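Chain by chain, the residues:
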Amino acid sequence: MKGSSFFASLGYTKAFQVGLWSVWLCGFVLIALSLYASQRLPSSLKEQIRKPKIVVTSAAKDFSTDPTKPTITIFSAPSSFSSVVGARQILAIQSWLSLSPDLTVVLFGQDPNLVSLAGALGSRVSVESNIDFTFLGTPFFHSMVARAQASTSDISVLIDPDTILLPDFISTLNFVHKLDHDWLLVATSPNVTQFPFYLDEAGTHWLQEDGERIKLQKMQEALAEKRQWSCCEGKILLAWNTGELPLHAGVLPPFLYGKGIHSHWIINEALSSDFRFVFDASEAISSFYIGDISHSHNRLPKASTYDDVKEKSWEYAGNSFLGSHYGSMYFRGANFSNKLVKLIKCDGHYLFFDTEENVAFPYRDQSSLNSWKGRIMQSRREKKRMDCVEVSRSLDRNMDCSFEEQFKLSKPLLPPFSLESLLPITADKDKTIILAIAGSSYRDMLLSWACRLRRLQITNFLVCALDRETYQFSILQGLPVFEDPHAPSDISFNKCHFGTKCFQNVTKVKSRLVLKVLKMGYNVLLSDVDVYWFENPLPYLHSYGPAVLVAQSDEFNLTVPINMPRRLNSGFYFARSDAETIAALERVVNHASTSTLSEQPSFYDVLCGEGGKNRLGDDRCHEPETNLTVHFLDRDLFPNGAYRELWEEPNVKSACKKRGCIILHNNWVNGRKRKLERQVLSGLWEYDISRRMCSRSWHSIKLTSYHRQPGYAILMFS
């Protein structure tokens, strides 16, 4: 028995060894044949095999087997948290937090209550107010995108604040994170009129109205029966990986968030630029929002004429204006449905479906993202895949959107704001406003000045535009601006500096407007836009009592009094709305109207007397007819552009801070270009011209240049 067993096992062992040798020889032959065949391949095909554009590995099919998961940050800009809208937004945020303990949420907003709400939602929720907002509190979409791009997370998501997400969102992101090319995921969220579910206290399980736990699949099936798609006017989710390539060519215009067009614009430009792989994952992600489609943020309010939009929603008209003047959307019409590859989930596996070529791919292995020509993978799952494709096609979610009617509204913007309507909106509790006056030659400096005030959290400022171009520009940058109908019409772009006829005419506008505002009961701090603010000067200026006009001294000589003849600088002064100041300013305005000089000599000659006969000591004047006192500000705190040659210091900011500067005037330099150059090179510049937004501390995106494409400016960031 034992012998027969031994020989039987020996025979089995020999047979096994022969089998192994056969497998080894066959493998060797196959490898040799593969090497020979690869040498016979065309060079282009060999390149595809070496460097596939996008590859989805088998591990991506079941990401739970991969311990490395991408970090994800969701960015959103909630509106008020009052009433039903607030409850929906809180439910949406809770749904995001339930997806993964490693996911973080950043909420854009300026409402102080938002901080306490974020605290109640947990440590994974933070508030970001350090982006650009309009003076009415509407966030800028381009600033939101830039902030999200500066994130250190592997994946950034931009989503509407009331869009609810279910767990397949995370599994989809885990899958696409395996793609070896930079990508942009887009998804439209369907609407459901009722959402009878809520999360338990732990925020981990969904419950029905009766408090019973509901299985996720059953919940998805119930919602799928009630959902309504509205791709053009619904809510769009954007997600992208933190890669080397930008989202699109050119610069993202300053769209107002939630006022239409911006999401479709960025999808259109991303497809046209062809930097990233852009695909539609709407069917792979379970996302919903509750409410009537007609109340969507992206929907243009019902209005048949430009006048209706002007009166009811000029912000939508502003986005239409930008959409029709920047990028290629005006010419293409946002017709990108056939160009968007779909990502669908079929039988537990993800599948890319090219609607234009009518071809499905379990993975992307072509050499160019522009051509989706290939073959359907032959396998036992082919029929199931085709069934899934047919279901996807039957949904008929056409994302082609016509913005022709909205583009017709992109005429000159005329918001329903005047000086009279802006004053109560912008003035502080002391009824004080900061007034700046600028024309087109100083519009970039105007934005730097406004950005600086925003950084100092100063909001009680107004801008008077001297021309239509500056007015339009300021509106699109979210500034509280009004147009002066009596401004001079012959304002030169490059020849309106000190001493020119243009300068003389412009300065007389300032005193006239200040007087008008004083008569309306508001205190005024008049500041030229070439004044850099280190801190808010109003607390200091308010320390001077009534019947005192406080002004900067233009004296540069250190050995003489600061109130010498004609050394009152009318580019920075504080005037109270009292009888003495109003009467004195009326005299200044009348004197300037008959003078061939600027308003500045009129200020001194009227208030301090010709030759300084009304001077008091070294830093004051007294106007006897109106009983107004003029106080010249300490030059260490309020230096002019020639004082101690501060602008010539290697580090202007440091030199000023050592002296305790509150502001620094960029005057005593001739010519607009030299003034701009001096301020930019000194580092006292707060506006990012290339991005059309205020400079921020999180601007860590490297400046990169890409090949210019037809219809695009050179890309300035990546």
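Residues numbered from 1 in each chain as written. Predicted model: local features only at pLDDT ≥ 70, side-chain atom pairs only at ≥ 80, totals over all residues. Heavy atoms only, no water.

Draft legend 1. The overall build of the chain, seen in detail. Looking only at helices and strands, the chain features 22 helices and 28 strands. Here the chain, with 718 residues, has 54% of them falling under the buried criterion. Sequence separation of 24 or more characterises 73% of the internal contacts of the chain that already satisfy a separation of 6 or more. With the model as given, the accessible surface of the chain reaches about 32,700 Å², and the carbon-plus-sulfur share is 52%. (Helix = DSSP H or I, 4+ residues; strand = E, 2+ residues; numbered from the N terminus. Buried < 20%, exposed > 50% of the residue type's maximum accessible area, 1.4 Å probe, protein only. Contact = heavy atoms within 4.5 Å. Areas by Shrake-Rupley, 256 points an atom, 1.4 Å probe, with all protein chains shown as cover.)

Draft legend 2. Fine view of the environment of leucine 207. Mapped onto the fold, leucine 207 is located in strand S9 (residues 206-208). By relative accessible area, leucine 207 is classed as buried at 12%. Taking the C-alpha atoms as reference points, leucine 207 and methionine 219, separated by 12 residues in sequence, lie 9.5 Å from one another.

Draft legend 3. A look at the confidence of the model for the chain. Here the chain shows a mean pLDDT of 80. Residues at 70 or above account for 73%. Every residue in residues 26-66 is under pLDDT 50, and counting partners more than four places away or in other chains gives 40 contacts. Below pLDDT 50 for its whole length, residues 701-718 participates in 48 contacts with residues either more than four positions away or in separate chains. (pLDDT = per-residue confidence, 0-100.)

Draft legend 4. Spatial organisation of the pairing of strand S11 (residues 277-280). Side chains Phe277 and Phe279 project from S11 onto one buried face, and the interleaved Val278 and Asp280 project onto a second face that is buried too. When strand S6 (residues 183-189) meets S11, the two strands line up parallel, connected through four bridges. Looking across to S11, one finds that valine 186 is bridged to aspartate 280. When S11 meets strand S13 (residues 341-346), the two strands line up parallel, connected through two bridges. Considered in S13, the bridge of phenylalanine 279 is made with valine 341. (Pairing = 2+ DSSP bridges.)

Draft legend 5. Examining the side chain of arginine 696 more closely. Within the element layout of this structure, arginine 696 appears in the segment after strand S28 (693-694). For arginine 696, a relative accessible area of 10% corresponds to the buried category. Among the polar contacts listed, one links the side chain of arginine 696 to the side chain of asparagine 130, at a separation of 2.7 Å. Polar side-chain contacts of arginine 696 include one of 3.0 Å to the backbone oxygen of isoleucine 131. For arginine 696, the contacting residues outside a window of four places in its chain are Asn130, Ile131, Asp132 and Arg455. (Polar contact = N/O pair within 3.5 Å; in protein donor to acceptor, adjacent residues only side chain to side chain.)

Draft legend 6. Structural detail: unusual backbone geometry. A positive phi angle, near 65°, is found at aspartate 274, a position not held by glycine. Summarising the element assignment, aspartate 274 is placed in the loop between helix H8 (262-273) and S11. A relative accessible area of 28% places aspartate 274 in the partly exposed class. Located in the positive-phi region is alanine 547, a residue other than glycine, with phi close to 60°. Residue class for alanine 547 comes out buried when judged on its relative accessible area of 14%.

Draft legend 7. Spatial organisation of empty space enclosed by the protein. This model, assessed by the stated rule, comprises seven cavities of 30 Å³ or more. By volume, the largest cavity is sized at about 110 Å³. For the lining of the largest cavity, the secondary structure elements donating two or more residues are helix H10 (314-325) and helix H16 (468-476). Looking at which domains feed residues into the lining of the largest cavity, each of domain 1 (72-292 + 322-338) and domain 2 (419-693) gives three or more. (1 Å grid on protein atoms, 1.4 Å probe; cavity = no way out; pocket = protein on both sides within 12 Å on 5 of 7 lines; lining within 4 Å. Points joined across faces, edges and corners; volume = space filled by probe spheres on them. Domains from an automatic or database assignment.)

Draft legend 8. Spatial organisation of the sheet that holds strand S23 (residues 615-616). Strand order in the open sheet formed by nine strands is S18-S17-S16-S19-S22-S21-S25-S24-S23, with mixed pairing between adjacent strands. Of all the strands in the sheet, just strand S18 (481-483) and S23 have a single pairing partner and so form its edges. By the bridge criterion, two bridges tie S23 to strand S24 (residues 620-623) in an arrangement that is antiparallel. Bridge pairing in S24 places arginine 615 opposite cysteine 621. H16 rests against strand S16 (432-438), strand S17 (461-465) and S18 of the sheet, and its axis sits at about 160° to S18. Those strands touched by helix H19 (residues 579-593) are strand S21 (548-553), strand S22 (568-575), S24 and strand S25 (628-632), and its axis lies near 80° from that of S25. (Axes fitted to C-alpha atoms, helices over the stretch in contact; angles between N-to-C directions.)

Draft legend 9. How the structure looks around the packing of H19 against helix H20 (residues 599-607). One way to put it is that H19 packs onto H20 with a least axis distance of 9 Å and a crossing angle of 130°. What the angle tells us is that H19 and H20 run oblique. Considering the relative orientation of H19 and H20, their crossing is right-handed. Of the residues in H20, those in contact with Ala584, Leu585, Arg587, Val588, His591 and Ala592 of H19 are Glu599, Ser602, Phe603, Val606 and Leu607. Taken together, the residues of the contact of H19 with H20 break down into seven nonpolar, two polar and two charged. (Parallel < 35°, antiparallel > 145°, perpendicular 65-115°, else oblique. Left-handed = near helix turned anticlockwise from the far one by under 90°. Nonpolar A, V, L, I, M, F, W, Y, C, P; charged D, E, K, R; others polar.)

Draft legend 10. Representation of the environment of isoleucine 170 within the structure. Here isoleucine 170 shows up in helix H6 (residues 168-176). Distance in space between the C-alpha atoms of isoleucine 170 and leucine 103 is 9.5 Å, their sequence separation being 67 residues. Those residues in contact with isoleucine 170 that lie beyond four places of it in its chain are Ile72, Leu99, Ser100 and Leu103.

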